[in-house]
Amino acid sequence: MTGQRIALCLQYDGGPFCGWQRQPQHRSVQQILDEAIEALDPLPAGVGAKLSRTIAAGRTDTGVHAAAQVVHFDCHGPIPAPRWAPALNGRLPGSIRVRASAAVAPDWHACFSATYRRYRYCIYNARRPNLFLAPISWHRYQWRLQDHLMQELLQELLGHHDFSAFQRAGSQRAHARTTVQEVSLQREGDILTLEIQASGFLYGMVRLLVGQLVAAGEGRISPEQFRQRWREQRRDEVKEAAPPQGLCLLRVGYPEPVFPRGAWYDCQPRYRLETSDPPPEITSNPTGEVL
């Protein structure tokens with residue numbers, strides 16, 4: 001069979017889905033996208049009928065969002081590459097949008113051709129809940145997070161390291177080493193935005209990492225405990241993972257751009273509140289325990 005390889009820049013609200021990857025008896029982004037592609041470009045009977053047609057740059061978990069996930073598939077019909085985006089949007093639910101579509105080389109691969117993935121995690125650090133921020137953030141209301149300390153600890157992750165402490169059980173990776181290329185943590189009022197870019201991510205890595213950073217930022221663990229846990233691969237001490245709704249796959253990088261910059265580079269809005277409603281500052285007794 002002859003045809004062309006198509007790359008898609010994909011956005012989705014992770015809330016209604018069990019994640020990117022197909023799972024039996026659960027609704028996944030991959031399943032919905034596969035069905036839309038098959039309706040527009042049916043494969044001949046028996047050809048790949050039981051296989052997914054799409055391959056993604058990263059497998060997001062249940063409830064995790066994507067601002068610019070990248071997917072490729074092979075098509076065999078007459079639809080031109082730029083027309084795939086509007087054609088698919090006409091068949092996909094409103095929780096999934098195709099931002100752009102482009103033709104790529106037959107050996108181009110959404111996952112293996114990527115040079116980095118970048119994730120963003122949003123924390124709402126205010127005294128009271130906010131209905132509009134709840135679907136895209138983790139509400140921490142007990143204490144005002146020590147964001148300067150969290151930023152310091154985050155910077156120490158840069159470079160090539162073994163991150164076994166931040167890998168969930170069930171991973172099929174042969175090792176737990178990866179290269180963290182960039183990190184940032186910014187506070188604007190009551191909203192903290194954390195970003196981390198790496199050559200690849202372990203299963204559950206960002207959520208476990210954020211959970212530990214917040215524990216340090218709230219004084220529940222010391223900075224030295226945070227360092228020991230990841231540097232000495234103390235996975236059994238890493239108990240808490242940040243919830244999925246605060247996490248978003250922000251973008252995926254390639255040696256040569258595949259899509260127009262406006263379609264993929266920084267497409268998740270940053271939220272800003274006019275007023276601040278901060279929780280109390282952290283206090284401690286002489287032993288260092290949080291009061």
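Everything that follows concerns the structure shown earlier in this document.
The residue count restarts for each chain, going from 1 along the sequence in the order it is written. Local features in this predicted model are restricted to residues of pLDDT 70 or higher, and side-chain atom pairs are both shown and tallied only at a pLDDT of 80 or more, whereas totals for entire chains, interfaces and linings draw on every residue. Side-chain numbers come from the whole structure's heavy atoms, not from hydrogens or water.

S.K.: A description of the overall build of the protein chain should follow, citing residues and the corresponding values.
M.R.: Along the backbone of the protein chain there are six helices and ten strands. In this setup the radius of gyration rests on C-alpha atoms only. A globule is expected at 2.2 Å times the number of residues raised to 0.38. For the protein chain, whose C-alpha radius of gyration is 21 Å, the value lies close to the compact-globule estimate of 19 Å for 291 residues. Whether a residue is buried, partly exposed or exposed follows from its accessible area with a 1.4 Å probe, protein chains only, as a fraction of its type maximum: under 20%, in between, or over 50%, in that order. Going through the 291 residues of the protein chain one by one, you find that 50% of them count as buried. Residue contacts follow a heavy-atom distance rule, with two residues in contact if any of their heavy atoms lie within 4.5 Å. Within the protein chain, residue pairs in contact and separated by at least 24 positions form 72% of the contacts whose partners lie at least 6 positions apart. Only the protein chains shown count as covering a residue, and every accessible area follows the Shrake-Rupley method with a 1.4 Å probe. For the protein chain, the accessible area works out to roughly 14100 Å², and carbon and sulfur atoms hold 52% of it. Neither His nor the chain termini are counted; the positive set is Lys and Arg, and the negative set is Asp and Glu. Where a charge lies is defined by one atom per residue type: Lys uses NZ, Arg uses CZ, Asp uses CG and Glu uses CD. Here the protein chain contributes 33 positive and 28 negative side-chain charges, whose respective centroids are spaced 4 Å apart. Helix numbering and strand numbering both begin at the N terminus, where a helix is a DSSP run of H or I of at least 4 residues and a strand a DSSP run of E of at least 2.

S.K.: Outline the packing of helix α3 (residues 147-155) against helix α4 (residues 205-217), supporting the account with residue identities and numerical values.
M.R.: At their nearest, the axes of α3 and α4 sit 9 Å apart, and the two run at 140° to each other. One finds that α3 runs oblique with respect to α4. α4 is crossed by α3, and the crossing has right-handed handedness. Residues L149, M150, L153 and L154 of α3 lie in contact with α4, whose contacting residues are L209, L213, V214, A216 and G217. Across the contact of α3 with α4, the residue classes tally to eight nonpolar, one polar and no charged. Every axis corresponds to a line fitted to the C-alpha atoms, with the helix fit spanning only the stretch in contact, and the corresponding angles, defined between N-to-C directions, vary from 0 to 180 degrees. What sets the label is the angle itself: under 35 degrees gives roughly parallel, over 145 gives roughly antiparallel, 65 to 115 gives roughly perpendicular, and the rest give oblique. The sense of a crossing depends on the near helix, which, turned anticlockwise from the far helix by less than a right angle, makes the crossing left-handed and, turned clockwise, makes it right-handed. In this count, Pro and Cys sit with the nonpolar residues alongside Ala, Val, Leu, Ile, Met, Phe, Trp and Tyr, while Asp, Glu, Lys and Arg are called charged and the others, Gly among them, polar.

S.K.: An account of the layout of surface pockets is needed here, citing residue identities and associated values.
M.R.: With a probe scaled to a water molecule rolled over the atoms, the places where space remains empty come into view. Considered as a void within the structure, the largest pocket measures approximately 1100 Å³ in volume. Definitions used throughout: a 1 Å grid over protein atoms alone; a cavity as a set of points that fits a 1.4 Å probe which cannot get out; a pocket as an open set with protein on both sides within 12 Å along at least five of seven lines; a lining residue as one with an atom within 4 Å of a point. What lines the largest pocket is a set of 37 residues, and nearest its centre among them are Q21, G58, R59, T60 and Y203. Listing elements by their share of the lining of the largest pocket, those giving two or more residues are β2 (55-56), β5 (116-124) and α4. By residue number, the principal contributor to the lining of the largest pocket is α4, which donates three residues. By residue class, the composition of the lining of the largest pocket is 15 nonpolar, 15 polar and seven charged. Grid points are joined across faces, edges and corners, and a volume is the space filled by probe spheres set on the points. Approximately 300 Å³ is the volume attributed to the second largest pocket. In terms of lining, the second largest pocket is formed by 17 residues, of which the most central are Y12, D13, H65, I136 and Q268.

S.K.: Any details on the environment of G204? Residues and values, ideally.
M.R.: Mapped onto the fold, G204 is located in the loop between β9 (191-198) and α4. The class of G204 is buried, set by a relative accessible area of 12%. The sequence separation of G204 and Y121 amounts to 83 residues, and the corresponding C-alpha distance is 13 Å. Aside from chain neighbours lying at most four places away, what touches G204 is D61, F166 and R168.

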